[in-house]
Structures are given as C-alpha cells and as structure tokens.
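Secondary and tertiary structure notes
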Amino acid sequence: MKNLPLLLKHTVILMGVMLISVAILVWYSVTQMMNYSEREIAESSLAETKANQELTDKVMENIVDHSVRIASSALLNSMQETRSIASMTYDTSNVNSAATILKELYELNKINPSIYSSFIYMEDADYIISTDKGITALHNYESVHWMNTALEKSEGVQGVWFSRWDQTDEKSILSYVLPLRSLSNTVKGSLVVNILETEFTQYLSSNQTGFNEYILINENGFIISHVDQAMLFKNIVHEPFFNHLFNERQEAGYTYREQDRARQLVTWSRSVSTGWLNVNIYEVSKQMAAIYRLQKSIYILAFIMIIFGSLFSLIVTKRLSVPIKKLVMMVNHRLHYGDQPKNELNFLEEAFERMQDEAEELQQLLNESKQATNDIALQQLIRGEVTEQARTLFKRRNFIVAILSIDAYRQYMIKHGSEARSYHRYKWIAAIDRLSMEHTKLKCVDQGDGYYVIFINSDNVARLMDQEALSELIKALQLKAVEIFHQSITISVSDLFYSIHDVQSHYISALEGLKRRLLQGYGHIYYGSSTSTADDEQNHFYPNASEKKLLSYIDQCNFDSAKQEIANVWQDFSNQMHIAPDQVLYICHQLVGVTLTHLREKNVNVQHLFSSHRNIYTQLAISETLDDVEAALVSFYEDIISHLLELTAGEGTQYGHKIIHYLDNNYRKDIVFEEMAEEIGISYSYMRKIITQVTGMTLGDYVHAQRIKQAKKLLRSSELTIKQIAEEVGYNNIRSFNRFFQKVEHMTPSVYRSQQHQTMNRNKHVLN
C-alpha cells in the first residue's frame, strides 16, 4: 500500500475508517435495540400473564365467596330431613325451600358467565338440586362419586378446586367443591360449582402479537387447561423444561427456549391460593417482527451512508491532494530527488527525514566544533597558555586541578573496543558538565591513555578549603567514573590556588601525585601536599649484585634465572622503607642502561628494542604499579634473550619478509593475525616477535602505519572525501580514522589536506 497513489490510498483509508465506524455504530445500536426490545416485550408479556392470573384468581375467589354464602344459608336446615324426592312432593314447605335454594344457585351462576352449572348434593339424599336439571333424581344426574376424591384434599370446611372429565357430556370441567359443614347449618353434603375448561381461555389467553398457546398446570403437575384438548390431564412435569418451571421458586418470571427451530418466549405466574401454574408461550419471531423490519431499515440506511460517505471521501481527498502535489513538485524541483513519486506523502516523509538527518548532522558538527574549541582551550591552559576562551570558561577565582586515571588502562583497552571507549569518554565528559553547580563549574578534557584532567572552578572558597566537603566531591567523581568506565579509578588532586595562570604548575603537581600509585596500587585518591615524600625520608638503594647477575644470565641466555633475579630485586624494594616512586624508576632505568651498554659492547643490535610499543622506556613510563614495572623488565630481558637465541637460529629474516609482504598486500582488510600466522606457517607469538625485530612495531601498529601512509597519498592527490578515504584504506568509520591519523601525524586529516594544498599552492606561486 506504500506505493499506491495518494488519492487512491487516502480514499481507501477514509472509506475503511468510515466503514468500520459505521459498522461498529450500527452493530452496537442494533444489538442494544434488539436486547432492549426483547427485554421490554418479555416484561410486557409477563405483566399480561400475571394480570391474567390475578383476574382468574379474582373470578375464582368471587365464586368461592358466593358459594360460602349459599352454603351458610339457614334454608338448607329445612331440607335436612328430606332424603328422598318422593317425600319432598308431599310437603309444600320442602318444595318451597328447594325452589329458594335453586334460585340462589341461579343467582350464583349469574355472577360469572363462565359458570357452566352448580348443584347441591345432600348426603344420603336421592336427589340433586342443580341449575342445569333443576330438582332431579340422583340417578338421572351425572355421577357424584368423584367428589369423594376431591374432598380428600379438603381441609376442614374449606372447599377445593378439582379438574375432571365429564363422561356424560365429554367436557373438561373445573369444579369447586364446598363441603356443607358450617356452624350455621347441620346439613351434610356438598355444593358444587362447575366451570367449563374452555371458558378459561378468555382469562388465560393473550391478544398480544405472537401469542402461541397457554397452559394451566395444577399443583400436581397435570394440565387442567390447554388450547389442545388432547393435552388435558397429561402430567407435564416429566418434561425437563416444564419440570424446571414447575419447581421454580419464583412466583412469576420468563425465559427463552428453542422449540422446533423457533425461538419462544415462555412466561409463567403461580397462583398463591391454588398453587396452579399459568404458562403463556409466545413466538419471538412474531413478537419481534416490527423490530426486525426496523433492523433491516437501519442496515439499508447504513449502506446508503457508506455509499455517500465514500463519494464524499473521494471528493475531499481529491481536493486535499492538490496542495500536497504542488508541495511535492516544489520540493522535488528544488532538491533534485528524482522522478515524480507515486505516493506524495511517502515522498514528503522521506524528504523530511533526509532533511532532519542533515540537520542533526549539522547540529552534531556544531556541537563537536564547540567541544573541540573548549578542548583546545583546556589543553592550552595545561601547557600554560591562557586564552580568551579559557577565561570565558573559568570566570571564578578559586581553582583545583584533579587528574583522573583509568587503572590498568591496557586491560581496559583490551576489554572495550574503540567504539565503547569513545562512548565512555563522551558519557564521562557529559557527566562532568552535569555535575556543575550554581557556584562551582566543572570541566574535563581527555589527555589520552586513560588520563582526564578535571578543572574545578568555584567562587565558594570555603567549600574548596573544607577537606571533608572536597573529599565528598572527589569521591563522588570517582564512583561515577567507576560506573561509567567499569574499571577502578585513581585520582590525584592539586592544592587550592587562586589564579588561572597557575593551572600548569598545579597540573604538574597533581601528575606527580599519581606516581604514588606505583607503590600503593589502584583505586586511591591523593591530595596535594600529601603526595610527596620528603627527601630526607627516602632510602638511597641500588642492587649492584643483581645488576652483575643479570648481565651474566644474558650472556648465558638463561631467561629463567634472569626472571628470578628480577623477583629478588622486587623483594628488596618491598623491604625498603620510604622508597620513592622516582627512585624505583631510576633503578630500573639504570639496569636497562647497563644492560644495553653491555649488549653494544658485544656488538648486538638493540635497535628493535626501541622501535615499537615494547620500547622498555615507554613501558616503564606507562607502568602504573610495581607489578607493571616488574612485568616490563621481565619482558625486556625476555626479548633480549629471545633475540640472542634467534640470531643463532637464523630464521627471523626469512619469515620477516613473508610477514611484511602479507601485511603490505592486505592492510585494507580486517586481518585476523592468528589466521595470518597459520597461513605463513609459524605461531602467533613467534610472528609478533619477528615483526617487532624487523620493523620495531607491533602487527597492529604496522597495519595502521600502512593505512595512514596510503591515506596521506590520497589526501594529497585525490578529491575523495575524508569518509571515502577512510573506507578506502580499511577503516569502518571516520572516527577511528581520525583518531589514528591524529595519533601518527598529530593533526586531523582535514587539517593535513588543508596544509598540503596550501603548500602546493605556494609552490605553484613561487614557480610562476
């Protein structure tokens, strides 16, 4: 999609955003609407079911109340002795009483049109007083034996509702049976009110859309009213769904079920008086028909919105793309980036990123230039030259100079590559700048070889004179340096001074203080006057006997004995009290001088001992501890004895030519010296000794010398950039190239090229 034209890309994006937004909005709205509608319809249906149940209960309660009134009538007492229909005809009062009772039954039937019939049966009588057949003989009326079953559930004088099937009329009937056992009469028998089951439909059915069926279940789980007559008197509790409803503790509620691939709403309400369960079942699809039509309309409207939105997106994108295209054409024309791009925004993004990179490079160059200016001013200040830049940096009166040295610097260089060391240097100098306070300014400059000079300039003289506060500051610097360089740190601190012109002398004083590390080891802090040892406390010691033994061991080429003798000298050093570092170095220089004089007297060429980093005087100068000095002397005598042995062997020259030839042809590459030694056919340690004998340099120094030599030619004669020249001669980055070039030539490549061009121009001018 990155290379699509802007118009098409943004149209697709806008359409996608709009489509997703509309889809989410429609989905959420419709879902909420459907859920809300279903909930409201269910609540409405449940309310109707409960209302129907309450109406049914009121009808039945009304029937019960009137039945109780009739059963309590004193008229029934007059019929107590009348047990046969024949005896009734002989007594007019009995006939009148029966007629009055029948009239009351008729009045009872009128209270509710759903009453099918009602009758009174007196125990042991052979007649019945009923509204459907009047006063008739018992054998002419339907059987009343079912009343015994019904009255088994009766408690005291309370009546019971009983559902039954009338075999005579083949009808389902709900009968209310009230025993005639009240305090107001002495008649034994029952008053029965019959209601046709089909009449319950008007109370239990619903007029709501989607109403499917109703079910009335008695307290025993049998269906006593249903639109399907075949379902009557069926024990429905055996079905799991209705069993759950029947055992539900709630008096009313609703739920959903799947029946014949159709979703149904089931509402129920339980009668408190009878315990009967009224169940209404609705078809959800019919109830929600109007909602479904509304849902379809919303989908159609959303689709129309998407179509019009897409057209609108196309128009807006086309309008917006015009100024962007003009901007792209202008940028492409001015910056000459190439052909007209397909995607204008990607082109602008790449162009702005390129501009940003160029701006960052420019800012980095400015920062480096500023830092370089400060470094030059600080270096000049150390040499005793006070510049205006130095005065700008240090405007306060009180000064302290501290020299920080990375202990075991050679090990540090082995452990950390050049890139890591450069990062440490940058991080340390930045940390020093951040440690500057309101009344105290700190600046730092790299002196090379793991030495950093820290300038503390403050107008708070009391703080600098307070030894405890000063120690706290220097200790904090030491801890920070250890954190950054991952190496132990030694610091030497000068005395407090009050003039910028005294920086050089106090720098030298602090440098002298670092010599105490030779005797005391790594990780210490030395302060001003405490760093020197009084002359009268120094022991003047020289190992004359060891000197003679070492010369004898050289003549014998006995390195082991020479090494042991050096160890004996170091034991003597340890036994001396108040010996000074300079005296140790003086003794070592004397031993070296006597040894070299001895070799010259024997016509042994010792030039190779001074033409590399293994130069004994250099090694002694950079030694930081007594162990370093001992190792330098041991290496010095080992080189001498090895050289004497190789002179007798005569192999050095032959391999030397092979090594030089290999390095001259491969210096541009990243040479793995172990593989090089294997290719030549000698060991790596032996190859190191041979190159040192032949050139006076190490393998690495010789490679760098060849690279710098070729780089100088290219700087004088070619138009290549500094970066291109660095890559041409074998450096992977310009920083490494600058560092090694400056180390060899004591100037940067750009300065060298500038000087060479100026010289060439002057020569041309002179010739002209």
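1. Notes on the pairing of strand β8 (residues 223–226)
For strand β7 (residues 211–217) and β8, the ladder comprises three bridges, and the chain directions are antiparallel. Each bridged residue has a counterpart across the sheet, and for L216 the counterpart in β8 is S225. Where β7 folds back on β8, the antiparallel hairpin that results is connected by five residues, among which G221 adopts a positive phi of roughly 90 degrees.

2. Let's talk about the sheet that holds strand β2 (residues 127–130)
The strand order across the open sheet formed by six strands is β3-β2-β1-β6-β5-β4, and the pairing between neighbours is antiparallel. Sheet topology places β3 (134–137) and β4 (160–166) at the edges, where each strand pairs with a single neighbour. Direction aside, neighbouring strands of the sheet carry axes that sit 25 degrees apart on average. In terms of strand pairing, β2 meets β3 through four bridges, oriented antiparallel. Bridge pairing in β3 places S130 opposite G134. Of the strands in this sheet, β1 (115–122), β2, β3 and β6 (189–196) touch helix α4 (residues 92–110), which is tilted by about 150 degrees from β1.

3. Some remarks on the sheet that holds strand β9 (residues 252–259)
If you trace the five strands from one edge of the open sheet to the other, you get β8-β7-β11-β10-β9, paired in antiparallel fashion. Where the open sheet ends on each side, the last strands, each with one partner, are β8 and β9. Across this sheet, the average inter-strand angle for adjacent strands is 20 degrees, counted without regard to direction.

4. Let's talk about the pairing of strand β12 (residues 398–406)
Burial within β12 is extensive, with nine of its nine residues counted as buried. By the bridge criterion, eight bridges tie β12 to strand β14 (residues 451–458) in an arrangement that is antiparallel. Bridging from a neighbouring strand, F399 pairs with N457 of β14. Sheet analysis places β12 next to strand β15 (residues 489–493), joined by five bridges and oriented antiparallel. If you follow A402 over to β15, its bridge partner there is V493.

5. Some remarks on the packing of aromatic side chains
As enumerated under the stated definition, the model contains 17 aromatic pairs in all. When the ring of Y452 is compared with that of F485, the centres are 5.5 Å apart and the planes differ by 40 degrees; the resulting orientation is tilted. Of this pair, Y452 sits in strand β14 while F485 is found in helix α15 (residues 467–485), placing the two residues 33 residues apart along the sequence. The buried category is assigned to Y452, whose relative accessible area is 5%. The exposure class assigned to F485 is buried, which follows from its relative accessible area of 0%. Ring geometry for F741 and Y752: centres 5.5 Å apart, planes at 70 degrees, overall edge-to-face. Of the two residues, F741 sits in helix α28 (residues 734–745) while Y752 sits in helix α29 (residues 749–767), which places them eleven residues apart along the sequence. Note on F741: relative accessible area 0%, which makes it buried. Classification of Y752 as buried rests on a relative accessible area of 6%. Feature note: the residues Y409, Y412, W428, Y452 and F485 constitute an aromatic cluster, connected by ring pairs.

Analysis parameters
- Residues numbered from 1 in each chain as written.
- Predicted model: local features only at pLDDT ≥ 70, side-chain atom pairs only at ≥ 80, totals over all residues.
- Heavy atoms only, no water.
- Pairing = 2+ DSSP bridges.
- Helix = DSSP H or I, 4+ residues; strand = E, 2+ residues; numbered from the N terminus.
- Axes fitted to C-alpha atoms, helices over the stretch in contact; angles between N-to-C directions.
- Contact = heavy atoms within 4.5 Å.
- Buried < 20%, exposed > 50% of the residue type's maximum accessible area, 1.4 Å probe, protein only.
- Phe/Tyr/Trp six-rings, centres within 6.5 Å; stacked < 30°, edge-to-face > 60°.

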